[in-house]
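# Report on the structure
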Amino acid sequence: MKRNYKFTPYKLISLKKELGISEKKYEEKMPIASNSVEFKNFLNKLVSMDIEEVPYFVMKYEHYYFRLLSSYIANKKVEVPLENCFRALELKFRNEFMNLAYNAYQHTLGNNEFVIWFKKIALLHPEILIKSKISLINLAKYIDDLYPAKLFVEYSRKNNKNINVILDEFAIDNNSLLHKIIDIEYLITASKKEYLNLDKVAFLEKANSFSMQDQGRLFNNYLSVVSINESNIEYLKSIYSKYKTPIENKTMFWSYISKDVIQIFLNWINVENINQVLGNDERSRYWRRYSEYLKTTYVQEARGQIALDFGSFVVVEFTNIGAAYFYKKEVFDTNFKKHFMKNHSIGDSSLKDVSLMIDKLAHSGQWQPRFDQFMANLGVRFYGRYR
């Protein structure tokens, strides 16, 4: 039985391979050939006109002219300008055009203009390119600087589908590099809703597998869209465990984080440290009000000691209720800061040096207003009242 082949743009480039026919018979399938006078006249008219005229030109010719044109510009190192050719093919083939373009791209023999144009279309119109599963899965083989991860992620969001469902549909191997890059792209661009719907353990496991740069990009986006109160606390703790704060650790990780996100994280760390050392007593509630004014905090958990750094001065408090000791910043850094580092801890009495302090204030009576006034005298005023 004679097989009936439909001449679609997608099949055009691979037509010879599919049918197993010679070059001569291949061109016989077309009413005209690429070396015919008729086709050359068609091509000359197309490339010489203004691009605004192309839509009207396209209406005058049958599809087979443009099928031949697609084969011609893809497989020949042509000297003619291609902009009008691309516009004509796009108008004639509509949604099928990206399939044709992808196949043409794979078979291009040194036509740099075609390569540049295809990358531009893929970047500007991923919703067109996403329609071809073959092009998505194999795109990385042909376009070094246009990995298809963004296309998968945009496709999942546009269609309101879970990214893992999309990856299964496209049969992307869980252990493949492409799968990992899509995971990274998805997580570093996720919305608040997407983050909150993730399994916390699985999210933490994936986040920890990323490079430092991608961990930084992820963390920056995460705290930009998810409030501290809704955050995955174990994730925040893992970041602090690895990278501390930009004040304590000058690692490159912090170069990927915005100033606003750093401040949010520092506020959270400061509150966590206050709660850790002072528990839930009146002192803890009092100092939490000042968390946004703190530069950082230093903790010796084993000793029950905390230093609250306000920039120009430092307040030292202890788990065992007593007075709070106030020191100038430079005095604290020179004499006491090292004792809050690992293996350098000292007893409470050594941090209560009356010869070096600005002053000490006892937690007795109605001590909160007294502390507020003293803090204001040092340049840190809390605009509110203690409750």
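Described below are features of the structure shown in this document. (Residues numbered from 1 in each chain as written. Predicted model: local features only at pLDDT ≥ 70, side-chain atom pairs only at ≥ 80, totals over all residues. Heavy atoms only, no water.)

The next point concerns unusual backbone geometry. You will see that Asn160, though not glycine, has its phi angle at about 55 degrees, which is positive. Even without glycine at this site, Lys244 takes up a positive phi of about 55 degrees. Relative to the helices and strands, Lys244 resides in the loop between α18 (233-243) and α19 (259-278). You can call Lys244 partly exposed: its relative accessible area is 30%. (Helix = DSSP H or I, 4+ residues; strand = E, 2+ residues; numbered from the N terminus. Buried < 20%, exposed > 50% of the residue type's maximum accessible area, 1.4 Å probe, protein only.)

Turning our eyes to something else, we now look at the packing of helix α16 (residues 200-209) against helix α17 (residues 212-225). Across the interface, α16 lies against α17 with an axial gap of 8 Å and an inter-helix angle of 135 degrees. One way to sum up the angle between α16 and α17 is to call them oblique. Contacts from Phe203, Ala207 and Asn208 in α16 reach Gln215, Leu218 and Tyr222 in α17. Of the residues contributing to the contact of α16 with α17, the split by class is 4 nonpolar, 2 polar and no charged. (Axes fitted to C-alpha atoms, helices over the stretch in contact; angles between N-to-C directions. Parallel < 35°, antiparallel > 145°, perpendicular 65-115°, else oblique. Contact = heavy atoms within 4.5 Å. Nonpolar A, V, L, I, M, F, W, Y, C, P; charged D, E, K, R; others polar.)

What follows covers helix α14 (residues 177-188). Over its 12 residues, α14 extends 17 Å from the first C-alpha to the last, a length consistent with the 16 Å expected when each residue adds 1.5 Å. Counting buried positions over the 12 residues of α14 gives 9, a clear majority of the element. Taken together, the buried positions of α14 are occupied by Leu178, His179, Ile182, Asp183, Ile184, Glu185, Tyr186, Leu187 and Ile188. (Expected span 1.5 Å × (residues − 1).)

Bringing the nonpolar core into the picture now. Core analysis: the largest hydrophobic core is formed by 38 residues, its most contacted members being Ile182, Leu218, Phe219, Tyr235, Trp254 and Phe265. Listing elements by their share of this core, those giving two or more residues are α12 (149-158), α13 (163-169), α14, α16, α17, α18 and α19. Not counting chain neighbours up to four residues away, the residues in contact with Trp254 comprise Phe219, Tyr243, Lys244, Thr245, Pro246, Asn249, Ile262 and Phe265. Counting residues in hydrophobic clusters, the runner-up holds 22 residues, among them Val47, Val54, Phe57 and Tyr61. (Core = buried A, V, L, I, M, F, W, Y, C linked by side-chain atoms within 4.5 Å.)

Below, the discussion takes up the packing of helix α4 (residues 37-48) against helix α7 (residues 83-93). Relative orientation of the contacting elements α4 and α7 amounts to 105 degrees, with a least axis distance of 8 Å. Here α4 is positioned roughly perpendicular relative to α7, judged by the angle of their axes. Between α4 and α7, the contacting residues are Leu43, Leu46 and Val47 on the first element and Asn84, Cys85 and Ala88 on the second.

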